[in-house]
Amino acid sequence: MSSYETAVARYFAAWNAAGTEAVAKAVAAAWAEGGSYTDPLADVRGHEGVAAVIAAAQEQFPGFEFRQTGTVEGHHDVARFQWELVSLADGSAPVAGSDVITLDGDGRIRTVTGFLDRMPTA
């Protein structure tokens with residue numbers, strides 16, 4: 001597994017962790033201190049901010065998990081990948097997107113820039 005794939009696996013482990021403590025631990029493993037997460041709906045820095053965004057998404061979509069689609073592409077300290085938010089009950093995926101991450105020298109996430117490709121209508 002490449003360093004990019006390892007970083008993305010830790011990223012998904014954080015998004016899919018169950019419970020406040022598990023999310024906090026997974027975020028600390030995936031993100032560098034002071035790391036950031038930015039998408040059209042959020043712009044946060046630090047482990048607590050990232051964990052809060054994850055908790056909010058889990059609250060909004062109970063019974064769903066984030067899954068990678070396609071392959072991870074990377075060069076230098078940058079990687080990109082696609083994902084879907086999938087219902088465990090019926091397999092539907094109302095939300096999908098793509099993210100670009102930058103990594104620090106230890107392979108932890110410094111920045112995430114996310115794009116939402118599909119969102120449910122209100």
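Cut-offs used in this document
- Residues numbered from 1 in each chain as written.
- Predicted model: local features only at pLDDT ≥ 70, side-chain atom pairs only at ≥ 80, totals over all residues.
- Heavy atoms only, no water.
- Helix = DSSP H or I, 4+ residues; strand = E, 2+ residues; numbered from the N terminus.
- Expected span 1.5 Å × (residues − 1).
- Buried < 20%, exposed > 50% of the residue type's maximum accessible area, 1.4 Å probe, protein only.
- Arc of directions from axis to C-beta.
- Phe/Tyr/Trp six-rings, centres within 6.5 Å; stacked < 30°, edge-to-face > 60°.
- Contact = heavy atoms within 4.5 Å.
- UniProt positions renumbered as here; feature names shortened; annotations may be inferred.
- Core = buried A, V, L, I, M, F, W, Y, C linked by side-chain atoms within 4.5 Å.
- Pairing = 2+ DSSP bridges.

Draft legend 1. Representation of helix 1 (residues 3-16) in the model. Between its first and last C-alpha atoms helix 1 spans 20 Å; for 14 residues at 1.5 Å apiece the expected length is 20 Å, and the two agree. What helix 1 keeps buried is the set Tyr4, Ala7, Val8, Tyr11, Phe12, Ala14 and Trp15. All buried residues of helix 1 project into a common sector of 155 degrees when viewed along the axis, lining one side.

Draft legend 2. How the structure looks around the packing of aromatic side chains. According to the stated counting rule, one finds 9 aromatic pairs in the structure shown. When the centroid spacing of 6.1 Å and the interplanar angle of 55 degrees are considered together, the rings of Tyr11 and Trp15 count as tilted. Taken together, the residues span about one helical turn, with Tyr11 and Trp15 both in helix 1 at a distance of 4 residues. Grouping residues by exposure puts Tyr11 and Trp15 together as buried. When the centroid spacing of 5.6 Å and the interplanar angle of 75 degrees are considered together, the rings of Phe61 and Phe64 count as edge-to-face.

Draft legend 3. Seen up close, the environment of Ile109. Considering the arrangement of structural elements, one finds Ile109 in strand 6 (residues 109-118). By relative accessible area, Ile109 is classed as buried at 0%. Considering only alpha carbons, one finds Ile109 and Gly49, 60 residues apart in sequence, at a separation of 14 Å. The contact partners of Ile109, leaving out residues within four places of it in the chain, are Ala7, Tyr11, Ala30, Trp31, Ala32, Gly35, Ile101, Thr102 and Leu103.

Draft legend 4. View of the UniProt feature "domain: SnoaL-like" (unreviewed entry) in the chain. In the numbering used here, UniProt assigns the feature "domain: SnoaL-like" (unreviewed entry) to residues 8-110. Secondary structure across residues 8-110 divides into 34% helix and 40% strand, with the first and last C-alpha atoms of the span separated by 12 Å.

Draft legend 5. Representation of the nonpolar core within the structure. Ranked by internal contacts, the top residues of the largest apolar core, which has 33 residues, are Tyr11, Trp15, Trp31, Tyr37 and Ile101. Secondary-structure elements contributing two or more residues to this core are helix 1, helix 2 (20-30), strand 2 (42-45), helix 3 (46-60), strand 3 (64-75), strand 4 (78-87), strand 5 (95-103) and strand 6. In contact with Tyr11, other than residues within four places in its own chain, are Ala30, Trp31, Tyr37, Phe81, Asp99, Ile109 and Val112.

Draft legend 6. Spotlight on the pairing of strand 4. Where strand 3 meets strand 4, 9 bridges bridge the pair, whose relative direction is antiparallel. Across the sheet, the residue bridging to His75 is Val78, located in strand 4. Between strand 3 and strand 4, which pair antiparallel and follow one another directly, the connecting turn spans 2 residues, one of which, His76, has a positive phi of 50 degrees. Sheet analysis places strand 4 next to strand 5, joined by 8 bridges and oriented antiparallel. The residue bridging Trp83 from the neighbouring strand is Gly97, located in strand 5.

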